[in-house]
Amino acid sequence: MANTDAALTVVTSLNPFSRVPVQLRCFRAWQELGVRIRTANIDDEADRLLALGLEETDILRLTPEETGLEQHGKSMPKIAASLHRLAALSDRNPVALLNSDLYPAMRTAGGLTFWFDHAPAMALTREECGAPDTYRFPDQTPY
């Protein structure tokens, strides 16, 4: 695994009930880039993720109140609550909040840190592809 680039924190929310292999593959790919990545989940989900091979340090445990569980019946992290938690986690360095099925199609995190050095915020698009291993640049299909 690459050395952690503490200048960038990536936070997602792995769903331990659906599409686990693709989410774990994406999570591990972010780790291999060397960024600090965490998944934000309530305790029940976090325990399931530990059983799937994640480490406690990979998980940002949320209270049910920090999620939409009461309002929507799903424990998806609330954006404002996540941002408050991330502010403490990031040491005032850039934070990327992203979907759990986003695979980082890059060799290093340098591109992200470069963009964060030049903009206070950014939004990225994704490419739809069946398998990252077979994707080629000319096959662009923006989502």
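See the structure above.
Residues numbered from 1 in each chain as written. Predicted model: local features only at pLDDT ≥ 70, side-chain atom pairs only at ≥ 80, totals over all residues. Heavy atoms only, no water.

Time to look at the side chain of Arg36. Within the secondary structure layout, Arg36 lies in strand E2 (residues 35–41). By relative accessible area, Arg36 is classed as buried at 14%. Among the polar contacts listed, one links the side chain of Arg36 to the side chain of Thr9, at a separation of 3.0 Å. (Helix = DSSP H or I, 4+ residues; strand = E, 2+ residues; numbered from the N terminus. Buried < 20%, exposed > 50% of the residue type's maximum accessible area, 1.4 Å probe, protein only. Polar contact = N/O pair within 3.5 Å; in protein donor to acceptor, adjacent residues only side chain to side chain.)

Scanning all chains against the criterion turns up 5 salt bridges. The residue Asp43 makes a salt bridge to Arg61 at a minimum N-O spacing of 2.9 Å. One end of the pair, Asp43, is in helix H2 (residues 43–51); the other, Arg61, is in strand E3 (residues 59–61), with 18 residues separating them in the sequence. By relative accessible area, Asp43 is classed as partly exposed at 43%. Note on Arg61: relative accessible area 24%, which makes it partly exposed. In this structure, Arg48 engages Asp44 in a salt bridge whose closest nitrogen and oxygen atoms are separated by 3.5 Å. Here Arg48 pairs with Asp44, and both are found in helix H2, just 4 residues apart, close to one helical turn. Accessibility expressed as a relative area gives 41% for Arg48, which makes it partly exposed. Relative accessible area serves as the criterion here: at 41%, Asp44 is assigned to the partly exposed category. (Salt bridge = Lys/Arg side-chain N within 4 Å of Asp/Glu carboxyl O.)

Where helix H5 (residues 110–118) is concerned, the buried positions are Leu112, Thr113 and Phe116. Down the axis, H5 shows its buried residues gathered within 95° of arc, on one side only. Relative to its buried face, H5 has exposed residues pointing more than 90 degrees away, namely Asp117 and His118. (Arc of directions from axis to C-beta.)

Before going further, it helps to examine the nonpolar core. Ranked by size, the top nonpolar core spans 19 residues in total, and within it Leu8, Val10, Leu14, Trp30, Val35 and Leu54 carry the most contacts. Counting residues per element, this core draws most heavily on helix H1 (residues 20–33), which supplies 5 residues. Counting residues in each nonpolar core, the second largest holds 6 residues, with Val11, Ala40, Leu60 and Leu89 among its members. (Core = buried A, V, L, I, M, F, W, Y, C linked by side-chain atoms within 4.5 Å.)

What follows covers H1. In this model, H1 (14 residues) spans 20 Å end to end at C-alpha, consistent with the 20 Å of a helix rising 1.5 Å per residue. Every buried residue belonging to H1 is among Val20, Gln23, Leu24, Cys26, Phe27, Ala29, Trp30, Gln31 and Leu33, and all of these are buried. Trailing H1 by a residue or two, Gly34 shows a phi angle of about 95°, which is positive. (Expected span 1.5 Å × (residues − 1).)

Let us look at a nonpolar patch on the surface. Judged by side-chain polarity, Ile79, Leu83 and Leu97 come together as a nonpolar surface patch covering roughly 280 Å² of accessible area. On the secondary structure map, Leu97 appears in strand E4 (residues 95–97). (Patch = residues over 30% accessible without salt bridge, like charges linked within 9 Å, V, L, I, M, F, W, Y side chains within 5 Å. Areas by Shrake-Rupley, 256 points an atom, 1.4 Å probe, with all protein chains shown as cover.)

Moving on, we come to the pairing of E2. Within E2, 7 of the 7 residues are buried, which leaves it mostly tucked inside the rest of the structure. Of the two faces of E2, the one carrying Val35, Ile37, Thr39 and Asn41 and the one carrying Arg36, Arg38 and Ala40 are both buried. Pairing analysis gives 3 bridges linking E2 to E3, with the strands arranged parallel. Bridge pairing links Thr39 to Ile59 in E3. The parallel pair E2 and E3, bridged by H2, forms a crossover whose chirality is right-handed. (Pairing = 2+ DSSP bridges. Right-handed = clockwise from strand over helix to strand, strands pointing away.)

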